Amino acid sequence: VLNFIMNQPPALVFMDINLPDNDGRVLCQMIKQRLGDAAPPIVVMTAGGESYKKAAMAMGADDFISKPFKPSQILEKLEMFAPPTGKHDFWQLLD
């Protein structure tokens, strides 16, 4: 995952803290450190409460969504961090 993001940075990353092969906290920090200002916004999604939100923000996440979440919350984050510019194909899927 890290190599893909380093080679082809996406407009936005949604990730869980608890990943099957990696620690999401470490991955988030690595993305932010390696890409610096070019790092995509990272929205952490996990089943934790306020303490998880604080931890996510401390590790470099730009925002947080608590599970379970509504599809409208995902759209809200897309609009906030990756507004339609004509180059993001996912916006065409919503039309």
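That block above? That's the structure.
Novice: Would you explain the sheet that holds strand β3 (residues 63-66) in this entry?
Specialist: A sheet is described by the order of its strands in space; here three strands give the open sequence β1-β2-β3, paired in parallel fashion. Only two strands of the sheet have a single neighbouring strand rather than two, namely β1 (13-15) and β3. Averaged over all neighbouring strand pairs, the angle between strand axes comes to 20 degrees, with direction disregarded. The pairing of β1 with strand β2 (residues 42-46) spans three bridges and is classified as parallel. Within the sheet, the bridge partner assigned to Val13 lies in β2 and is Ile42. Sheet contacts for helix α3 (residues 50-58): β2 and β3; angle to β3, the most-contacted strand, approximately 150 degrees.

Novice: Explain the nonpolar core to me, please; I cannot follow it from the model alone.
Specialist: What tends to happen in soluble globular proteins is that the nonpolar side chains get buried as a cluster. Met15, Cys28, Ile31, Ile42, Val44, Ala56 and Met59 are the most contacted members of the largest nonpolar core, which has 16 residues in total. Counting only elements with at least two residues in this core, the list comes to α1 (2-7), β1, α2 (24-35) and β2. The leading source of residues in this core is α2, at four residues. Not counting residues within four places of it along the chain, the set of residues in contact with Ile31 comprises Leu2, Ile5, Met6, Met15, Gly36, Ala39, Pro40 and Ile42. By size, the runner-up hydrophobic cluster in this structure holds seven residues, among which are Val43, Ile65, Leu78 and Ala82.

What counts, and where the lines are drawn
Residues numbered from 1 in each chain as written. Predicted model: local features only at pLDDT ≥ 70, side-chain atom pairs only at ≥ 80, totals over all residues. Heavy atoms only, no water. Pairing = 2+ DSSP bridges. Helix = DSSP H or I, 4+ residues; strand = E, 2+ residues; numbered from the N terminus. Axes fitted to C-alpha atoms, helices over the stretch in contact; angles between N-to-C directions. Contact = heavy atoms within 4.5 Å. Core = buried A, V, L, I, M, F, W, Y, C linked by side-chain atoms within 4.5 Å. Buried < 20%, exposed > 50% of the residue type's maximum accessible area, 1.4 Å probe, protein only.

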